[in-house]
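Coordinates in review
As a plain string of letters, each chain reads:
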Amino acid sequence: MSGWNTIQTIRKLEQRADLLGMKFTAYRHDDRWVENIALVPKDRDALPIYSRDAEMFVGSLEHADRFMQGVLWAREYDRMAVDR
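Computed from a predicted structure; not experimentally measured. (Residues numbered from 1 in each chain as written. Predicted model: local features only at pLDDT ≥ 70, side-chain atom pairs only at ≥ 80, totals over all residues. Heavy atoms only, no water.)

Considering the arrangement of structural elements, one finds Asp65 in helix H2 (residues 61–83). A polar side-chain atom of Asp65 sits 2.4 Å from a polar atom in the side chain of Arg16. Side chain to side chain, Asp65 and Arg66 meet in a polar contact 2.7 Å long. Residues contacting Asp65, with those up to four places away along its chain left out, are Leu13 and Arg16. (Helix = DSSP H or I, 4+ residues; strand = E, 2+ residues; numbered from the N terminus. Polar contact = N/O pair within 3.5 Å; in protein donor to acceptor, adjacent residues only side chain to side chain. Contact = heavy atoms within 4.5 Å.)

Here it is in C-alpha cells:
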C-alpha cells in the first residue's frame, strides 16, 4: 500500500511528464523482480520526432524525476541560447 506522500509524488511527476509531452506507462520488458516504469510520448503531436511507443526513459520513479529535471534544464538552456 502506498502512503499519501508517494501518491503526491507520483501526481507531481505525472504533471511534469505531461508538461514535457510524455506520459508514464509500464515497461514492456519488465520481469517480476524489478519494477520499472517507462516514459513515452503522450500523443503523436507532443513529440512528433518519436514514435508513440518509443520508450524515452526506463527506470524507477526517482530516476524518472532526475531524467525529467535534465530535460527541463536542457530546454531552458536551448531557450537561452536562442534568445541571445
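Moving on: the sheet that holds strand E3 (residues 57–59). In spatial order, the strands read E1-E2-E3; together these three strands make up an open sheet with antiparallel pairing. The open sheet has two edge strands with one neighbour each: strand E1 (22–26) and E3. For this sheet the average axis-to-axis angle between neighbouring strands, irrespective of direction, equals 25°. Strands E1 and strand E2 (37–41) of the sheet are contacted by helix H1 (residues 4–19), whose axis makes an angle of about 125° with E1. (Pairing = 2+ DSSP bridges. Axes fitted to C-alpha atoms, helices over the stretch in contact; angles between N-to-C directions.)

The subject of this paragraph is the packing of aromatic side chains. The tally for this structure, following the rule as stated, stands at two aromatic pairs. Here Phe57 and Phe67 contribute two aromatic rings whose centre-to-centre distance is 5.2 Å and whose plane-to-plane angle is 25°, an arrangement assigned as stacked. Residue Phe57 is found in strand E3, and its partner Phe67 is found in helix H2; the two are separated by 10 residues along the sequence. Exposure remark for Phe57: the relative accessible area of 11% places this residue in the buried category. Judged by relative accessible area, which is 26%, Phe67 ranks as partly exposed. (Phe/Tyr/Trp six-rings, centres within 6.5 Å; stacked < 30°, edge-to-face > 60°. Buried < 20%, exposed > 50% of the residue type's maximum accessible area, 1.4 Å probe, protein only.)

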